[in-house]
Amino acid sequence: MSKTSNINRVDGFAKVTGSATYSAEYKTDGVTYACLVGSTIAKGKIKSIDTKTAEWAPGVLAVITHLNVDKPAGYEKAKDRKNFGQPLQIFKDDSILYYDQPIALVIADTFERMQYAASLIKAEYVKEEHSTELQKAADKVKKVDTDKGNDYHRGTPDGYKNAEVVLETEYIIPTEVHNPMELANIIAKWEGNKPTVYTKSQGVEGTRRSIGNVFGVPPADVSVHSEYVGGAFGMGLHTWPYEIAALIGAKKLNRPVKLVLHREQMFTNVGFRPYTIQKMGLGATKEGKLTGLTHEAVAMTSSYEDFMEGTVNMSRFIYDCANVSTRYRIVPLDTCSPIWMRGPGEATGSFALESAMDELAYKLNMDPIEFRKRNYAEKDLEQNKPWSSKYLMECYEAGMERIGWKNRKNKPGSVREGDWLVGYGMGTGTFGCYRSPTTVKAKFLPDGNLVLQCSVNDMGPGTATMMTAIGADVTGIPTENVIIEMGKSGLPKGPTQGGSATTSSVGSAVNDACKLLVTKVIDLAAKTDTFKNIPVDDLAFANGTVTSKKDSNKSVSVTSLLSENKLEELAVENESKASEEAKKYSIYSFSVHFVKVLVNPNLGKIRLAHVVSCADIGTVINQKTSAGQMYGGAVGGIGMGLMESLEIDHRFGRPINNNFADYHVPVNADIEKQEVFFVNKKDPISNPMGTKGLGETALVGMAPAIANAVFNATGKRVRDLPITLDKIIEPNVATA
């Protein structure tokens, strides 16, 4: 990229005017309507299920249960369940593994008839003792049997215990739910043995593989459409049972089936951030040098999948510490499987690590940022590699200036504004920068437009806008002449959108394909009479035209070249992947979130007076969409810190706040002032544009920043999120 662009979202007009077509909105002839009926127990067997009344109801076309299902071919082949995007094999038998597990699929000719028929289904169960509470399932704790599940040690195991100053404490992250605006949905149909789905997915190619594995068809025969996604935050990274159910129903009827989950099912059937208990042990010299760090995490998973995430990973490298130990364990519970949620693992882990760093800084009577600077990691000690680039120090300085850190006092409760206690807090974030092999087709059309094609979809971060900005920058074509085709099978293969890897992967592929296309245009132009006897090196391309560098009067447009050569398009298709050189470096994005809070000590009310998010993400491709990502990530972290928690009635194993009235998420009124700052320095190693990931580090570190600010204001240390007013008022919360 020659410069940072600031273009509007290319899909913005379609989204705000309603012309964008989401997966449940496609018009399909002969479509039928389906819903899932869920179990009312958390564990056991289906003793009997009465579907006759529902089957006889007006307009009902089918009721499918484990008793009459045509089991997909892949069910028997995948004995270990590892070939599935989501390992629960719906309707396979009479087993109930969690509350609201689908036990029946009702299909009718209208939405209203479908809903009524579903209400008529009655089931009896043989209940078994269930377990949904992590703290009471200590006997089930186990290690994940993979390389990623291994314990990590550098130096002396648990070396913090030998330090001059020691901190040992525990932190809790509750279950949190993705809750995107768009509900999970699918339209499924079959043409012979070839399925077509319009579905909410973060990965077109992954969905093709999952469906192909389940139904025993080649992935190439699976057609997936997911051009627009109304938010996902990680829930779209699996192919869920509801999608397989819709395909089963469509195949049975040989008609299209539309299925949309209702909001309550979004809390129980499409994953969540897992409830996690973390223990931190930190040791330092009296001068503030870390000598030991131990981070242990115990997280929930389901009874049918060993799900894990990188909760302890950040602690291995973010600070300069000779003795580091991390351990990760899981506890199978009777719930739906967790799934990655924005900032997966690192968002959870940073709450414990960055809160503990703040606590130890207080114990040392040291400014929290000064403490971090004294333990600044100049290289990645975990991998023993140099950073590709690291401008975290610039983030510290910029954030301190913008938040007014100079007004902060180390003694909690020292600063007031009227009746409000004032607190300042910060939290460091990081996330790895990944680059997946990606293919992009770039082509010029006779009208001069540049078309970029890739099956990657855009769930909201502005992928299409990023592709437009890079394509326009490389080719010199105006952004309004760049057309993006994405989000469906049949296009060149793109990656799953997740893990902050899309810009690095897809952007690099756009960059490389456009450069090849420009070369192809120039080579074609060099053969024309206009440039006879002019070396190719003396030709340049910009704004759709090849021009002589020495004589600007000599030029040929792409439109003319296509016409003269009788071409319908001029195209290149190219796969782009990471270089071997990149393997020699540790490539991470970094961020620091700063928060100023106002706390009413009598009411426990917390106001976010000012939020500043600073990030080192390499080159900023487009300022508007990047800032939007940072704002949105910070808001997600605010939800973690102050509001979000799925409450379970453990007597029955079911959620009790599975709606937007009782499960609170941040709104505009919750944040009084928010700022974003980017270092915007090119990473020389990561990819051709010099970018690093943004989507995850935009959230990682925000929750501990809030907790640290609340402590600075009140002297009360809240270690179990969210920080609600009762925890500020109640006397048993840890205090200074």
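What you see is a predicted model, and the numbers here were worked out from it, not measured in a lab.

### Some words on the overall build of the protein
Working step 1: Check the secondary structure of the protein and you find 15 helices and 32 strands.
Working step 2: A compact globule built from 736 residues should have a C-alpha radius of gyration of about 27 Å, and the protein, at 27 Å, falls within 12% of that.
Working step 3: For the protein, the spread of C-alpha atoms along the three principal axes comes to 85 × 70 × 50 Å.
Working step 4: Within the protein, the proportion of its 736 residues that are buried is 61%.
Working step 5: In the protein, once contacts between residues fewer than 6 apart in sequence are set aside, the share between residues at least 24 apart is 80%.
Working step 6: Working note: accessible area of the protein is about 28900 Å², and carbon and sulfur atoms make up 48% of it.
Working step 7: When the 85 basic and 85 acidic side-chain charges of the protein are each reduced to a single mean position, those positions are 1 Å apart.

### Side note on unusual backbone geometry
Working step 1: Between Leu-721 and Pro-722 the backbone carries a cis peptide bond, its omega angle lying at -5°.
Working step 2: As for its position among the elements, Pro-722 is in the loop between β31 (716-717) and α15 (725-729).
Working step 3: Backbone geometry at Phe-91 places phi at a positive 65°, although glycine is not the residue there.
Working step 4: In this fold, Phe-91 is placed in the loop between α3 (74-77) and β4 (95-96).
Working step 5: In the Ramachandran plot, Lys-566 falls in the positive-phi region, its phi being about 55° despite a non-glycine side chain.
Working step 6: Structurally, Lys-566 is set in the loop between α12 (558-564) and β25 (570-576).

### Remarks on the sheet that holds strand β22 (residues 539-542)
Working step 1: Spatially, three strands are ordered β22-β23-β24 in an open sheet, and the strand pairing comes out antiparallel. Each of the sheet's edge strands pairs with one partner strand only, and the pair in question is β22 and β24 (555-557). Mean inter-strand twist for the sheet, computed between neighbouring axes without regard to direction, equals 20°.
Working step 2: Across three bridges, strand β23 (residues 545-548) lies against β24 in antiparallel orientation. By the bridge assignment, Val-546 is partnered in β24 with Val-556.
Working step 3: Docked against the sheet, helix α11 (residues 502-526) engages β22 and β23, running at close to 130° with respect to β22.

### A few points about the packing of helix α13 (residues 623-642) against helix α14 (residues 702-714)
Working step 1: Where α13 contacts α14, the axes come no closer than 7 Å and their chain directions differ by 50°. The pairing of α13 with α14 is recorded here as oblique in orientation. As α13 runs across α14, the sense of the crossing is right-handed. Contacts between α13 and α14 involve Ala-634, Gly-637, Ile-638, Met-640, Gly-641 and Leu-642 from the first element and Met-702, Ala-703 and Ile-706 from the second.
Working step 2: Residues that form the contact of α13 with α14 fall into these classes: seven nonpolar, two polar and no charged.

### A word on the pairing of strand β18 (residues 420-432)
Working step 1: With 13 of 13 residues buried, β18 is to be regarded as a mostly interior element.
Working step 2: Two strands pair when backbone bridges link them, and strand β17 (residues 415-417) and β18 are joined in this way by three bridges, in the antiparallel orientation. Its bridge partner being in β18, Glu-417 is matched across the sheet by Trp-420.
Working step 3: If you look at the hairpin formed by β17 and β18, you'll find two residues sitting between the two strands, and Gly-418 has a positive phi there, around 65°.

### Details of the environment of Lys-47
Working step 1: Looking at the element boundaries, Lys-47 is found in strand β2 (residues 44-50).
Working step 2: Those residues in contact with Lys-47 that sit more than four places away from it in its chain are Glu-124, Tyr-125 and Val-126.

### Notes on the environment of Leu-450
Working step 1: Mapping Leu-450 onto the fold places it in strand β20 (residues 450-454).
Working step 2: Given a relative accessible area of 0%, Leu-450 falls into the buried group.
Working step 3: C-alpha separation for the pair Leu-450 and Tyr-198, spaced 252 residues apart in sequence, amounts to 27 Å.
Working step 4: Excluding its chain neighbours within four sequence positions, the residues that come into contact with Leu-450 are Ala-442, Lys-443, Phe-444, Gly-471, Thr-475, Ile-477, Asn-481, Val-482, Ile-483, Cys-514 and Leu-517.

### Here's the deal with the pairing of strand β3 (residues 60-64)
Working step 1: The buried count for β3 comes to four of five residues, which makes it a mostly enclosed element.
Working step 2: Note: β3 against strand β5 (residues 102-108), four bridges, orientation antiparallel. By the bridge assignment, Ile-64 is partnered in β5 with Leu-105.

Scoring rules and cut-offs
Residues numbered from 1 in each chain as written. Predicted model: local features only at pLDDT ≥ 70, side-chain atom pairs only at ≥ 80, totals over all residues. Heavy atoms only, no water. Helix = DSSP H or I, 4+ residues; strand = E, 2+ residues; numbered from the N terminus. Rg over C-alpha atoms; globule rule 2.2 N^0.38 Å. Buried < 20%, exposed > 50% of the residue type's maximum accessible area, 1.4 Å probe, protein only. Contact = heavy atoms within 4.5 Å. Areas by Shrake-Rupley, 256 points an atom, 1.4 Å probe, with all protein chains shown as cover. Lys, Arg positive; Asp, Glu negative; His and termini not counted. Charge placed at Lys NZ, Arg CZ, Asp CG, Glu CD. Pairing = 2+ DSSP bridges. Axes fitted to C-alpha atoms, helices over the stretch in contact; angles between N-to-C directions. Parallel < 35°, antiparallel > 145°, perpendicular 65-115°, else oblique. Left-handed = near helix turned anticlockwise from the far one by under 90°. Nonpolar A, V, L, I, M, F, W, Y, C, P; charged D, E, K, R; others polar.

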